[in-house]
Every structure is written in structure tokens, then in C-alpha cells.
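If you want the building blocks of each chain, they are given just below.
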Amino acid sequence: MSDDDLITRLEEQERRLVFSRFDHADAWHLGSLLVDLATSRDLPVAVDIRRGTQQLFHAALPGSTADNDHWIVRKVRVVERFGASSFLVGRRLAAKGEALDAKYGVDPADFATHGGAFPVRVEGVGVIGVVTVSGLPQADDHALVVEAIETYLEE
């Protein structure tokens, strides 16, 4: 898949995966769904869901490490700053041959444009939070979050 095709697909996901509302119960349900998906596949991931600055859900599954928590924080900062998934931001930059630190003057120790953090976008409101997975290759982290949100929104 070309960079342009991937970027188009990622943009389509963000337009489509919008919540009608998102509260503590929604975070718990979505987080539990992510944990169930990861556990059934024996995936060594950490899962994190935030609304604003409040962490509403966190789980560290077997095989994950404290380093995954650090990656989560760095990916979340990208979504909070750019209002788009960390994977989409990274793919857009890569397609232009640019790096986040050089283009925006941010410290790569604080921001990670690696897949796995996806915006919680509420219809009529905008981005109010972030769902993040860390522990797999970046495309797989992103895909797991997207799969869980798709499943949740179909329920």
C-alpha cells in the first residue's frame, strides 16, 4: 500500500470512528473490550484511555513493561497536540520526508508519532480524549485500537 493510500485509509477511519458520547462507563467498556481482544490473542500490551487529562482506564497485560507506559504518554501527546491519531501524524510526516522534532520543535523524548494512539472524537464536540495501545509494532497497535473502537461503535 502506498503512503498516499495508507494516509487516505487512516483519514477515513478518523472520519468514521466518532462517538455520540464518551463517559467513564464508555471508557471502562471500551478498555475491557481491548483487554479481552489482547488477552484472547496473548498480546503483550498496555492499554490506556483518557478523557482530557484524566486517565479513565489502564491495563498492563503480561509481557508489557513500564516502557510501554512511557510510549503511551508520548503517543497521547501527539493526539492531544494535532487532533489526529499518532499513526496518521507519523505517516503524513514520513510522506513529506519530515520529522516531528524538526518541523514542530518538539522533543522526541516527549512525543512519538508511532501508531497506537487514536482520538476519542465526539460528534458535535471534537476530540475529547485518547485511546492508546503500546507493545506491538506500530501498525498493529493502531489496528488493535481501531478494531476495538469499530466493535464498540457497532454494539
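Above this text you will find the structure in question.
Residues numbered from 1 in each chain as written. Predicted model: local features only at pLDDT ≥ 70, side-chain atom pairs only at ≥ 80, totals over all residues. Heavy atoms only, no water.

Draft legend 1. Molecular detail of the nonpolar core. Counting 30 residues, the largest nonpolar core has Phe19, Phe22, Leu30, Val45, Val131, Leu144 and Ile149 as its most contacted members. Those elements giving two or more residues to this core turn out to be helix H2 (24–40), strand E1 (46–51), strand E2 (54–60), strand E3 (117–122), strand E4 (126–134) and helix H6 (138–154). Here this core takes seven residues from H2, the largest share from any one element. Discounting chain neighbours no more than four positions away, the residues touching Val45 are Ala38, Ala59, Ala60, Leu61, Ser64, Val133, Ser134, Gly135, Leu136 and Asp141. Ranked by size, the runner-up nonpolar core spans twelve residues in total, among them Ile7, Leu10, Ala84 and Leu88. (Core = buried A, V, L, I, M, F, W, Y, C linked by side-chain atoms within 4.5 Å. Buried < 20%, exposed > 50% of the residue type's maximum accessible area, 1.4 Å probe, protein only. Helix = DSSP H or I, 4+ residues; strand = E, 2+ residues; numbered from the N terminus. Contact = heavy atoms within 4.5 Å.)

Draft legend 2. Quick look at the pattern of salt bridges. The full count for this structure, using the stated rule, is eleven salt bridges. For the salt bridge of Arg121 with Glu14, the shortest nitrogen-to-oxygen distance reads 3.8 Å. Of this pair, Arg121 sits in strand E3 while Glu14 sits in helix H1 (residues 3–16); the two residues are 107 residues apart in sequence, bridging distant segments of the chain. Of the charged contacts, one joins Asp110 and Arg77 as a salt bridge, the two residues approaching to 3.8 Å between their closest N and O atoms. Within this pair, whereas Asp110 is found in the loop between helix H5 (100–104) and E3, its partner Arg77 is found in helix H3 (residues 66–82), the two being separated by 33 residues in sequence. The partly exposed category is assigned to Asp110, whose relative accessible area is 33%. What makes Arg77 partly exposed here is its relative accessible area of 31%. Salt bridges sharing partners connect three or more residues here, namely Glu12, Arg16 and Glu150. (Salt bridge = Lys/Arg side-chain N within 4 Å of Asp/Glu carboxyl O.)

Draft legend 3. Main features of the side chain of Gln13. Within the secondary structure, Gln13 sits in helix H1. Here His142 takes part through its side chain, which lies 2.7 Å from a polar atom of the side chain of Gln13. Sequence-distant contacts of Gln13, that is, excluding residues within four places in its chain, are made with Phe118, His142 and Val146. (Polar contact = N/O pair within 3.5 Å; in protein donor to acceptor, adjacent residues only side chain to side chain.)

Draft legend 4. Molecular detail of the side chain of Asp141. Assignment of secondary structure puts Asp141 in helix H6. For Asp141, a relative accessible area of 2% corresponds to the buried category. Engagement of the side chain of Asp141 in a polar contact is seen with the side chain of Lys75, the distance being 2.9 Å. Polar side-chain contacts of Asp141 include one of 2.9 Å to the backbone nitrogen of Leu136. Leaving out residues up to four positions away in the same chain, Asp141 has contacts with Val45, Lys75, Gly115, Gly116, Val133, Ser134, Gly135 and Leu136.

Draft legend 5. Up close: the sheet that holds E3. Ordered in space as E2-E1-E4-E3, the four strands form an open sheet in which the pairing is antiparallel. Lying at the two open borders of the sheet, with one neighbouring strand each, are E2 and E3. On average, each strand axis in the sheet is inclined to that of its neighbour by 15°, with strand direction left out of account. Pairing between E1 and E2: six bridges, direction antiparallel. When the bridges of E2 are listed, Ala46 appears paired with Ala60. Strands E3 and E4 of the sheet are contacted by H6, whose axis makes an angle of about 125° with E4. (Pairing = 2+ DSSP bridges. Axes fitted to C-alpha atoms, helices over the stretch in contact; angles between N-to-C directions.)

By themselves these figures say nothing about function.
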